[in-house]
Amino acid sequence: MIGAVELALPRADAAASAGVVDVRGRITRYLVLEIFLIFFQGFMVAPLVPRLAHTFGTDIDRAGTLVPAYALPFGIVCLVVGPLADRYGRANVLRYLLGAAIVVPVLTVTAATFGGLFGWRIAAGIALGGIAPITLAMVAEMYPYAERGRPVGWIFGAIAGGMAIGATAGPWLEPSIGWRGLFLVVGVANVAVVAPLARALALRPSAWTHGPSIRPRDIARAYAALLRTRRGATVYGYVFLNGVFHSGVFSWLGVFFIERYHLAPRELGFALLGYGIPGFLLGPVVGRLADRFGRRWLIRGGFVLAGVCALVLAAPLPALAVTVTITALSFGFDLSHPLLAGIVTSLDPVRTAQAMALNTFTIFIGLGVGSLVFGVLRAAVGFSPAFVCFGIFQLAIAAASLVLFDRSWR
């Protein structure tokens, strides 16, 4: 580990230590950019659901399955990639995934039917799913727990920014360059990030190339061990439930704006811009606050804020008020999920990538389930009752956290 290398260096060798820290910073910056691109291309699709339904001659409910088609494989593949990264080295496995991050978006433009696009979204989830947990495992490897809040904040700021700008750029640019053009832009941008990231990774000391066993039985036991403790079971449970709530609400916001406010595609992009902006701007600040004051009250506050915002969305509000509410709702995510992930990084110092893989699996399964459940509720009872159901659900898990989050949740 870089952190371990730093501790082993003689204090007199300040230049060498500074060089290690500089490499750590470079790797972190490029990882943040790559995470941004992954979530940009993941979340630019949800607001395009009505447009894609029209393009491929299908109904909105079927087109809406493009979101879980990406999210579910994204989460499932993490269960395999995490242990491989622990065994053969984070950077070694990451290099293969970065190549896929360039190739898959470009190949997506070849889809000529809705079925083809659906298949490429599944392929994208499989190809890109391992990057996020490896990134968080590398941060845990490079930074001690007491300093981890800020870099984790940057990563989740990139996630929030990718979600916000992807949700905005998708409907804003699609009328000009088409949905195929959007995926080509993502592919080219990945080239610009992956090349310098690969060079930075080459400067990083080799580590964890002879890590834990990857026999299926041992992997299964390690996952079971992560869930066996009260702390582990609670944090993963909340990661899942938080994912269900936020994906359910966000995945259908584009359809909500179009059906209720009749927004044009570019107007829709600006309406969704607020989602993720607080995390993009304030992610590192939230991380610092967590390092200094602990995580449990910030996480609870995030649950409450998001739940209240969902209830507000059920009311007949003007479009501008909805946009402001969405911005506040996204800040609830920024106060909760990044800090939950920070706790996950402390569960197993040896199998960090596997612990983060289970974290990513859990939230993306939650994202897929949430999108499907909200879609069913919307079709059955409409948007307002669906928002009420999700808001009550989120406030209920906030209330339960008063009992489940003890003083160890720092």
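What counts as what
- Residues numbered from 1 in each chain as written.
- Predicted model: local features only at pLDDT ≥ 70, side-chain atom pairs only at ≥ 80, totals over all residues.
- Heavy atoms only, no water.
- Axes fitted to C-alpha atoms, helices over the stretch in contact; angles between N-to-C directions.
- Helix = DSSP H or I, 4+ residues; strand = E, 2+ residues; numbered from the N terminus.
- Parallel < 35°, antiparallel > 145°, perpendicular 65-115°, else oblique.
- Left-handed = near helix turned anticlockwise from the far one by under 90°.
- Contact = heavy atoms within 4.5 Å.
- Expected span 1.5 Å × (residues − 1).
- Bend = angle between axes of the 7 residues up to and from the residue.
- Core = buried A, V, L, I, M, F, W, Y, C linked by side-chain atoms within 4.5 Å.
- Buried < 20%, exposed > 50% of the residue type's maximum accessible area, 1.4 Å probe, protein only.
- Arc of directions from axis to C-beta.
- pLDDT = per-residue confidence, 0-100.
- Salt bridge = Lys/Arg side-chain N within 4 Å of Asp/Glu carboxyl O.
- Patch = residues over 30% accessible without salt bridge, like charges linked within 9 Å, V, L, I, M, F, W, Y side chains within 5 Å.
- Areas by Shrake-Rupley, 256 points an atom, 1.4 Å probe, with all protein chains shown as cover.
- Phe/Tyr/Trp six-rings, centres within 6.5 Å; stacked < 30°, edge-to-face > 60°.
- Lys NZ or Arg CZ within 6 Å of the ring centre and 35° of its normal.

1. Quick notes on the packing of helix H11 (residues 230-251) against helix H18 (residues 383-404)
- Direction vectors running N to C along H11 and H18 enclose 160°, while the axes themselves pass 10 Å from each other. Regarding the angle of H11 to H18, the classification is roughly antiparallel. H18 is crossed by H11, and the crossing has left-handed handedness. In contact with Arg 230, Thr 234, Tyr 238, Leu 241, Asn 242, Val 244, Phe 245, His 246, Gly 248 and Val 249 of H11, H18 contributes Phe 387, Phe 390, Gly 391, Phe 393, Gln 394, Ile 397, Ala 400, Ser 401, Val 403 and Leu 404.

2. Some words on the packing of helix H15 (residues 296-313) against helix H16 (residues 319-344)
- Axis separation between H15 and H16 bottoms out at 8 Å; the angle between their running directions is 150°. The angle between H15 and H16 places the two elements in the roughly antiparallel class. Taken as a pair, H15 and H16 cross one another with a handedness that is left-handed. In this structure, H15 contributes Leu 298, Ile 299, Gly 301, Gly 302, Phe 303, Leu 305, Ala 306, Cys 309, Ala 310, Val 312 and Leu 313 to the contact, and H16 contributes Val 322, Thr 325, Ile 326, Ala 328, Leu 329, Phe 331, Gly 332, Leu 335, Ser 336, Leu 339, Leu 340 and Ile 343.

3. Comments concerning helix H5 (residues 66-88)
- Over its 23 residues, H5 runs 33 Å from end to end, which matches the ideal 33 Å to within 8%, given 1.5 Å per residue.
- Remark: the principal bend of H5, roughly 35°, maps to Leu 79, with a proline, Pro 83, within the next four residues.
- A positive phi of about 105° marks Gly 89, the residue just after H5.

4. Looking at the nonpolar core
- Among the nonpolar cores identified, the biggest contains 127 residues, and Ile 131, Phe 257 and Phe 387 are the most heavily contacted of them.
- Of all the elements, helix H9 (residues 149-202) adds the most residues to this core, at 17 residues.
- Not counting chain neighbours up to four residues away, the residues in contact with Phe 257 comprise His 262, Leu 263, Leu 268, Ala 271, Leu 272, Ala 319, Val 322, Thr 323 and Ile 326.

5. Points about helix H10 (residues 216-228)
- Given a rise of 1.5 Å per residue, 13 residues ought to cover 18 Å, and the 18 Å separating the end C-alpha atoms of H10 matches this to within 8%.
- What H10 keeps buried is the set Asp 218, Ile 219, Ala 222, Tyr 223 and Leu 226. Within H10, the buried residues cover an arc of 140° as seen down the axis, which keeps them to one side. Along H10, the residues that are exposed and aim more than 90 degrees away from the buried face are Pro 216, Arg 221 and Arg 228.
- The elements touched by buried residues of H10 are H5, H11 and helix H17 (352-381).

6. A short note on the environment of Leu 66
- Structurally, Leu 66 can be placed in helix H5.
- Remark: the alpha-carbon pair of Leu 66 and Leu 117, spanning 51 residues in sequence, is separated by 8.2 Å.
- Among all residues touching Leu 66, those that are not within four sequence positions of it are Val 45, Leu 52, Phe 114, Leu 117, Phe 118 and Arg 121.

7. Things to note about the confidence of the model for the protein chain
- For the protein chain, mean pLDDT is 82; residues scoring 70 or higher make up 89% of the total.
- Within the protein chain, H18 carries the highest mean pLDDT (94), whereas helix H1 (residues 2-8) carries the lowest (37).
- Considering only residues more than four positions removed or in separate chains, one finds that residues 1-19, a stretch of pLDDT under 50, has 20 contacts.

8. Notes on the pattern of salt bridges
- Applying the stated criterion across every chain, the model contains three salt bridges.
- Taking the shortest distance from any N to any O, the salt bridge between Glu 174 and Arg 51 comes out at 2.7 Å. Of this pair, Glu 174 sits in helix H9 while Arg 51 sits in helix H3 (residues 49-55); the two residues are 123 residues apart in sequence, bridging distant segments of the chain.
- Classification of Arg 51 by relative accessible area gives partly exposed; the value is 36%.
- One salt bridge in this structure joins Glu 259 and Arg 378, with 2.8 Å as the shortest N-O distance. Separated by 119 residues along the polypeptide, Glu 259 in helix H12 (residues 253-261) and Arg 378 in helix H17 bring together distant segments of the chain.
- The exposure class assigned to Glu 259 is partly exposed, which follows from its relative accessible area of 38%.

9. Here's the deal with a nonpolar patch on the surface
- A cluster of nonpolar residues, Leu 281, Leu 282, Val 285, Leu 289 and Phe 293, forms a patch on the protein surface that exposes about 470 Å² of accessible area.
- Relative to the helices and strands, Val 285 resides in helix H14 (residues 277-293).

10. A short note on the packing of aromatic side chains
- A complete count under the given rule lists 21 aromatic pairs for this structure.
- With centroids separated by 6.2 Å and ring planes inclined at 85°, the aromatic side chains of Trp 179 and Phe 183 adopt a geometry described as edge-to-face. One end of the pair, Trp 179, and the other, Phe 183, are both in helix H9, four residues apart, so they sit about a helical turn from each other.
- Three or more aromatic residues link up through ring pairs in this structure, and these residues are Phe 245, Phe 256, Phe 257, Tyr 261, Phe 374, Phe 383, Phe 387, Phe 390 and Phe 393.
- Taking NZ or CZ as reference, Arg 300 lies 4.3 Å from the ring centre of Trp 297, over its face.

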